[in-house]
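Residue-level structure breakdown
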Amino acid sequence: MSKPYSAALPMARIVLKILIVLNWLYGAAILALLVVMPNQQWIMSAFDLSPSPETERLVMGMRAIAVLGIVVVPLSYVVLKRLLAIVESVRAGDPFVATNASRLQAIAWALLALQLLSIVIGTIAKALSTPAHPLHLDAGFSINGWLAVLLTFLLARVFAEGALMREDLERTV
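Residues numbered from 1 in each chain as written. Predicted model: local features only at pLDDT ≥ 70, side-chain atom pairs only at ≥ 80, totals over all residues. Heavy atoms only, no water.

Let's shift gears to the pattern of salt bridges. Pairing of side chains with opposite charge becomes possible as their charged atoms draw close. The full count for this structure, using the stated rule, is 4 salt bridges. Notably, a salt bridge pairs R157 with E161, separated by 2.3 Å at the nearest N-O pair. Here E161 and R157 lie together in helix α5 (residues 143-172), a separation of 4 residues that amounts to about one turn. Salt bridges sharing partners connect three or more residues here, namely R13, E88 and R91. (Salt bridge = Lys/Arg side-chain N within 4 Å of Asp/Glu carboxyl O. Helix = DSSP H or I, 4+ residues; strand = E, 2+ residues; numbered from the N terminus.)

Turning next to the nonpolar core. Core analysis: the biggest nonpolar cluster contains 26 residues, and I65, L104, I107, L111 and L135 have the highest contact counts within it. Counting residues per element, the ones that place at least two in this core are α3 (55-91), α4 (98-128) and α5. Among the elements that line this core, the one with the most residues is α4, at 11 residues. Discounting chain neighbours no more than four positions away, the residues touching L104 are I86, T152, L155, A156 and F159. (Core = buried A, V, L, I, M, F, W, Y, C linked by side-chain atoms within 4.5 Å. Buried < 20%, exposed > 50% of the residue type's maximum accessible area, 1.4 Å probe, protein only. Contact = heavy atoms within 4.5 Å.)

With 30 residues, α5 should cover 44 Å at 1.5 Å per step; its first-to-last C-alpha distance of 43 Å lies within 8% of that length. Listed as buried for α5 are G145, V149, T152, A156, F159, A160, G162 and A163. On its buried face, α5 sits against α4. (Expected span 1.5 Å × (residues − 1).)

This brings us to a nonpolar patch on the surface. Taken together, the side chains of M11, I14, V15, I18, L19, V21, L22 and L25 define a hydrophobic patch exposed on the protein surface, amounting to about 720 Å² of accessible area. On the basis of relative accessibility, which here comes to 47%, the residue I14 falls in the partly exposed class. (Patch = residues over 30% accessible without salt bridge, like charges linked within 9 Å, V, L, I, M, F, W, Y side chains within 5 Å. Areas by Shrake-Rupley, 256 points an atom, 1.4 Å probe, with all protein chains shown as cover.)

Before going further, it helps to spend a moment on the environment of M44. Inspection of the secondary structure assignment puts M44 in helix α2 (residues 40-46). Along the primary structure M44 and L58 are separated by 14 residues, whereas in three dimensions their C-alpha atoms are 9.6 Å apart.

Assignment of secondary structure puts S89 in helix α3. Its relative accessible area of 11% is what places S89 among the buried residues. Apart from residues no more than four positions distant in its own chain, S89 is found in contact with D94, P95, N100 and R103.

Structurally, the position occupied by N23 is in helix α1 (residues 8-36). Residue N23 is classed as buried on the basis of its relative accessible area of 8%. Setting aside residues up to four positions removed in sequence, N23 forms contacts with V73, S76, Y77 and L80.

Here we take up the packing of aromatic side chains. With the rule as written, the count across this model stands at 3 aromatic pairs. Taken together, a centroid distance of 5.2 Å and an interplanar angle of 50 degrees make the contact between W24 and Y77 tilted. Within this pair, whereas W24 is found in helix α1, its partner Y77 is found in helix α3, the two being separated by 53 residues in sequence. Residue classification places W24 among the partly exposed residues on the basis of a relative accessible area of 42%. With relative accessibility at 28%, the residue Y77 sits in the partly exposed group. (Phe/Tyr/Trp six-rings, centres within 6.5 Å; stacked < 30°, edge-to-face > 60°.)

Let us look at the packing of α1 against α3. Contact geometry of α1 with α3 gives a least axis separation of 9 Å together with a crossing angle of 165 degrees. Overall, the two elements α1 and α3 adopt an arrangement that is roughly antiparallel. The chirality of how α1 crosses α3 is left-handed. Considering only residue class, the contact of α1 with α3 consists of 20 nonpolar, 4 polar and 6 charged. (Axes fitted to C-alpha atoms, helices over the stretch in contact; angles between N-to-C directions. Parallel < 35°, antiparallel > 145°, perpendicular 65-115°, else oblique. Left-handed = near helix turned anticlockwise from the far one by under 90°. Nonpolar A, V, L, I, M, F, W, Y, C, P; charged D, E, K, R; others polar.)

Here α4 crosses α5 at 165 degrees, and the two axes come no closer than 8 Å. As summarised for this structure, α4 and α5 are arranged roughly antiparallel, according to the angle between their axes. The two elements α4 and α5 meet at a crossing, and its hand is left-handed. Considered class by class, the residues forming the contact of α4 with α5 number 19 nonpolar, 5 polar and no charged.

Worth remembering: the numbers are spatial, not functional.
Okay, structure coming up:
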């Protein structure tokens, strides 16, 4: 009899591996932009900014956002790599183990850090944005992001309890 998730697991595994590679490419692209950005004039022309007293502040703020974007890469790697390990344990038929509870706990902490970074990035963008130079980023407070953090911490606890129950059951048999 076929398990209902049998097709989903190989797909999840492939998608997670692709996302891990894309995550590192994203980080490399941001790093390259930070290192290669020759000067303020180039940035102004690339973003179609007109010279103004605010331009220097805007360029420095965008650089700060790019640096925070680099910080996002290892946090995203933590999430993706641990999700991949959980998928592997499910494929092996052994998902309710203490290791997966720890992995989910690490994912929850990384998601929390990502949510905090999003708020910082959104705050920087809001502070930089002016009517003459609006800066629209999809960053800031996200109710869905915070719910994901809470649910992941909860799921980690559920996995930890499930692993304990499983160990108790194995000891009684």
